[in-house]
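Here is how the chains run, residue by residue.
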Amino acid sequence: MRYWVVPHTHWDREWYLPFEQLRLHLARVVDGVLETLEEDPAFRRFTLDGQAVVLEDYLEVRPEREERLRRLITDGRVAIGPWYTLPDEYLAGQESLVRNLLHGRQVCERFGKPMPVGYLPDTFGHVAQLPQLLRGFGLDAFVFWRGLGDEAERLGSAFRWRGPDGSAVLAVRELGGYGNADRLGGGDPEAAAARVRELTERFGPRYAQVGSDDFLLSNGNDHRPIQRGLPTLLDACAERLPGASFRIATIAEYAEAVSGATQKLELVEGELCGGGEVAVLRGVNSSRVYLKQANEAAERELFVAEALASLAHLRGHAYPAGELRLAWRELLKNHAHDSICGCSADQTHRDMGPRFEAARTIAGGVRRSALATLAGGEPPWWPSEPPRAELSVVNVLPWARRGTVELALPAGLARRRRLAADVNGSPVPVQVERGRALVSLEVPGLVARRLRVGPGPGAWPEGAARAVSTRAIENGFYRVEAAPNGTLTVTELATGEVVEGLHLLEDQADRGDEYNFCALEGETPWTGRELPARVRAVRGGPAVAELELVLRPRLPRSLTPGRRARARSTVTCPVRTTVRLTAGVDRVELRTTVVNRARDHRLRVLFPAPGAGETVRVEGHFAVLRRPLRPSWNGRWSEPPQTTHHTLGMVAAGRLALFMRGLPEYETLPRPDGSVEVALTLLRCVGWLSRDDLASRFHHAGPAIETPEAQCLGSHAFEYALNLRGEQPDCELVRAAHDYRFGLVSGPPGIDLDGLLELEGTGFALAALKAAEDGDGVILRVYNPTGEPADVGVRSHARTARCRLDETDCRPARERIGLRPYEVATLRLR
C-alpha cells in the first residue's frame, strides 16, 4: 500500500466555544504550523482545512507573520481553500454556495492558489447539485466523510458522483473519518504502525474494490495542532510495515493520485444525506429556527440589493462592489456548519446576530441608494423615507407579478378615509389604514411602474380582496373560512373544490438535542383539533383582506427531571395567525406569532394534501427534488433516518403547495386512511448541545453542554403561504415560491427601466443579477430547475457572453440561451 498522510486541522470557527476564544487557539495552532514547516523540510505539506476564512482570522491576531505564511502557501507547503467557510450546504441558500466559492477564491489568491478539490470533511450531508457547482469552479474531485446511506456498504473508497444536470466529480471517501490517523500512535512508532495495520485491515477491502493501493490517512482532527516529528515517525512505520510507503501530502495530491490509479468506479446520483456509516444530524434543520429565518431574510435582501444595483450599473452608474463584498463576508461567516446549524453554545449563536444584522443593514443601504440613483436623485442618508403620494414600484424578478406595496401618506391624504390609486393611469385597488395606503398592482418583469394615490372613490375590480363575513375572506382565486378550532377551509373559486382542516396545530415532546429530534416513546402528539379559536376579520379589502385567529394552547412546561415524560404542569403559549388574501394573487398567506413558554417540545402546523402520491416535490438547490414520503433504509445505519427533511422554500404534495420564508423543515405524514398531511416545523426547543441517551442517534455528536437559549423561549413570528396548485409543473412551483419570498420594491418616483433588460421564457428561474467579480460587466445567473430542456431569451443593450460558474472562460452567446435539464447558466452582460 501507498499511504498518503494528510496533516491537517479541521477548524470549527465557533462551536462549543465562541469564535473569539477559538481564534486564540487558532493563532497558537498556526504558529506551530509555521514553526514546524520552517524547521523541518521533510514535513512537506500541511492542509489548513478547506476554508480561507482562517487566513483572515489568523492574520488579524498575527499580522506580523503574513509574509511567513504567504511564503509557505506560495511554495505549496500549506494548502488553503477553496471555500471561504465550510458551509452547511442545505441551510445556506443556493446562491450562497456559489458566493462562498467565489469569496474563498478571492481570499486565497491574495496568498497563492486555492486547493483544486472540493474538500468538505464534516458537512452534514451534501446537496444534489454540488457536482455542478464544483465543476463550475474547475474542481473535479470531492473529498468527504458524511452522507452515504445504504450504498455505503457496497461502495469502495471512491466513486463517481453525478448531479441532476449530468455533471460528475470523483468522490473520495474519508474512511474512518477525517481524523483516522489523528495523533498517530501518540508519536510511538509501534503504536503508529499498529494503527496503520488496524485501518488497513478494516478498510483495505474498500480500496481493493476500486483497484487502488492508495490509502488516505488523515493526520488531524477538530482544532488539532500539527504533530511535530511526523516525518521521522512515518519512516519508522515504513520499517515496521514491509512493502509500505508513506508520503506526506495534501488532499489535492491524494485526489489526483486516486483519479489516475482507480480502475473501476460505481456511479452514484442524487443527494448524499444518509447516515449509513456516520450520522448526518439533519435535526439541525429546525434547531434555533430564528437563525434560519435571519439567514433567509439576509439572503433575500442581498438578492434585491444586488439586482437593483446591477440595473443601475447597466444604466452607467458605479456598482457598490466593496459594500456588497463586506455584506457577503459577514453572512458567509454565519454559514459555517456549526453556526447556521444552530448546534453550538449559546454565546456562539448570540455572536451571529450582529453579522446577520450587518449584512441586512448594508443590503438595505445599497437598495435605497440604487433606487435613488435610478430615479435620478442622490442616495438618502436619513433614517426614514418622506411620505409620498407617488412612487415607483420595481419588480426584481423577470416575470410579471401581482403584489402589494404600502406607503406612508402625506398629511393632506392621510386624513381621508377613501382614496383612489392608479398605475401608469390605470386604476388599482387601494385601502387606507391609519395614515397609510395598501395598494395591489401588477408589474412586468424587471421594470418599474409609476404608482399614484390621490382623492377619489377607489376601485373594486373583479377579483378584489374582501371580507365576506366575520370568519371568511375571498379574492378572485380563493375563499378562506375559519373553523371553530381555527383550522382553515379553502375553496378554489374556479372549480368549487374544497380542502378542510388546513393549518392544524401539533405539539409533542422533544427529548433530543441541537442535532437530533427525539420523541418520547409511545407519546401521541397533541393537536389543537378540540381547541377553541377566536376569529375575526381585521381587513376587508379591496387590496387585501385578512382574518385573525387567536388560540391559547396550554402545553406541558417541560420534560420531567428523568426526561422520560412531560411535566403535568402547563403553561399558556398564545398563538396568533393572520391569514391574508391579496387582490389577484393566487396564494393564501399566513403570519403566525407564537409566545413560547414551554421547553423540550416541537411545535408544527399540519396541512392535508389531497391527491398526494408516493413522492413529494421539494425546492432544493438549483433543482426541484422528488423524495419519497418516508425514508427507507437497511436497518443498519449509524443514525436511523429522520422522517423530517429540508426544503429551500417550497413543498408540493398532490394539490397542496406550501411556501416558506426561512422555515426549512417539513415532514410528509401518510395517514391510515391513505391520505397525506404535510407538517411544517415552527419551533424545536431543546436544552442540550449534545446527549448520548437518544433513540434517534446512538452516540454523542458534540460535548454535553447545556444550551438553555436553544429552548427558544419568548415571542417568534413565522411567515408561510399555500395554494392549491401543487400539481403545477416544477418551474411554475419554483416561480411561485420566489414570487412569495421576494415582494415588489417601492422607491422614489421617476424610475424607468423599460428596455434595459428583458428575459423571456417559462422554463427558467433567476438566481442572481450582480456585477462581475472583476468589475467587467454584469453577471446574470439563471437556471432550469426541471428535468426538461428549456431556454431563456435575453434582450439588453449590452453584449452577452456565456461563462463558467466562476465567471471565467467567457464565450459570445446568442440572444436565446439553451438550458439543459437542471443546468445553471452564468451570463456576462457588458
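Quick notes on the rules
Residues numbered from 1 in each chain as written. Predicted model: local features only at pLDDT ≥ 70, side-chain atom pairs only at ≥ 80, totals over all residues. Heavy atoms only, no water. Helix = DSSP H or I, 4+ residues; strand = E, 2+ residues; numbered from the N terminus. Contact = heavy atoms within 4.5 Å. Buried < 20%, exposed > 50% of the residue type's maximum accessible area, 1.4 Å probe, protein only. Pairing = 2+ DSSP bridges. Phe/Tyr/Trp six-rings, centres within 6.5 Å; stacked < 30°, edge-to-face > 60°. Lys NZ or Arg CZ within 6 Å of the ring centre and 35° of its normal. Axes fitted to C-alpha atoms, helices over the stretch in contact; angles between N-to-C directions. Polar contact = N/O pair within 3.5 Å; in protein donor to acceptor, adjacent residues only side chain to side chain. Left-handed = near helix turned anticlockwise from the far one by under 90°. Nonpolar A, V, L, I, M, F, W, Y, C, P; charged D, E, K, R; others polar.

*Asks:* Residue-level account of the environment of Ala701, with values.
*Replies:* Within the secondary structure layout, Ala701 lies in the loop between strand 38 (676-685) and strand 39 (714-723). Placed 124 residues apart in sequence, Ala701 and Ala825 show a C-alpha to C-alpha distance of 38 Å. In this view, Ala701 contacts Trp15, Leu281, Tyr515 and Ser690; residues no more than four positions away in its chain are not counted.

*Asks:* Hey, could you go over the pairing of strand 1 (residues 2-7) for me, with residue numbers and the actual values?
*Replies:* Of all the 6 residues making up strand 1, 5 are buried; the element is thus mostly covered by neighbouring parts of the structure. Here strand 1 runs beside strand 9 (residues 245-248); their pairing, made up of 4 bridges, is parallel. Counted as the bridge partner of Arg2 is Ser245 from strand 9. As paired strands, strand 1 and strand 8 (residues 214-219) are joined by 6 bridges and run parallel to one another. Looking at strand 8, one finds that Trp4 is bridged to Leu216.

*Asks:* Outline the packing of aromatic side chains, supporting the account with residue identities and numerical values.
*Replies:* Under the criterion given, the structure shown has 14 aromatic pairs. The residue whose ring lies beneath Arg13 is Phe19, and the NZ or CZ to ring-centre distance is 3.9 Å. Across from the ring centre of Tyr740, 4.2 Å away, lies the NZ or CZ of Arg661, which sits over that ring.

*Asks:* An account of the sheet that holds strand 45 (residues 800-803) is requested, with residue identities and associated values reported.
*Replies:* The strand order 42-43-48-45-46 describes an open sheet built from 5 strands, whose pairing is antiparallel. The two strands at the open ends of the sheet, each matched to only one other strand, are strand 42 (765-771) and strand 46 (811-812). For strand 45 and strand 48 (residues 824-829), the ladder comprises 4 bridges, and the chain directions are antiparallel. Bridge pairing in strand 48 places Cys803 opposite Thr826. Here helix 4 (residues 94-109) sits on the sheet and contacts strand 42 and strand 43 (778-783); the angle it forms with strand 42, its principal contact strand, is near 35°. The strands touched by helix 9 (residues 289-314) are strand 42 and strand 43; relative to strand 42, the strand with the most contacts, the crossing angle is about 60°.

*Asks:* For the sheet that holds strand 11 (residues 390-394), give the residues involved together with the corresponding values.
*Replies:* Taken together, the 5 strands give an open sheet; going across it, the order is 14-13-17-11-40, and neighbouring strands pair in antiparallel fashion. Whereas interior strands pair on both sides, the edge strands pair on one side only; in this sheet they are strand 14 (426-428) and strand 40 (745-747). With strand direction ignored, the average angle separating the axes of adjacent strands in the sheet is 35°. One ladder, built from 3 bridges, connects strand 11 with strand 40; its direction is antiparallel. Note on strand 40: the bridge partner recorded for Val394 is Val745.

*Asks:* Any details on the side chain of Ser287? Residues and values, ideally.
*Replies:* Structurally, the position occupied by Ser287 is in the loop between strand 10 (267-269) and helix 9. Since its relative accessible area comes to 2%, Ser287 is described here as buried. Here the side chain of Ser287 touches Glu514 through a polar contact of 2.4 Å, landing on its backbone oxygen. A polar atom in the side chain of Ser287 sits 2.8 Å from the side chain of Arg684.

*Asks:* A description of the pairing of strand 25 (residues 534-540) should follow, citing residues and the corresponding values.
*Replies:* Relative to strand 26 (residues 544-551), strand 25 is paired through 6 bridges, and the arrangement is antiparallel. When the sheet's bridge partners are listed, Ala537 is paired in strand 26 with Leu547. The turn joining strand 25 and strand 26, which pair antiparallel and follow one another in sequence, is formed by 3 residues; a positive phi near 100° is taken by Gly541.

*Asks:* Tell me about the packing of helix 6 (residues 189-209) against helix 7 (residues 230-240), and please be specific about residues and values.
*Replies:* Between helix 6 and helix 7, whose axes approach to 9 Å, the crossing angle comes to 65°. When the axes of helix 6 and helix 7 are compared, the crossing they make is right-handed. Seen from helix 6, the contacting residues are Pro189, Glu190, Ala192, Ala193 and Arg197; seen from helix 7, they are Leu233, Ala236, Cys237 and Arg240. The class makeup of the residues in the contact of helix 6 with helix 7 is 6 nonpolar, no polar and 3 charged.

*Asks:* Go over the environment of Glu239, please, and point to the residues and values.
*Replies:* Along the chain, the position of Glu239 falls in helix 7. Sequence separation between Glu239 and Pro189 is 50 residues; the distance between their C-alpha atoms is 9.5 Å.

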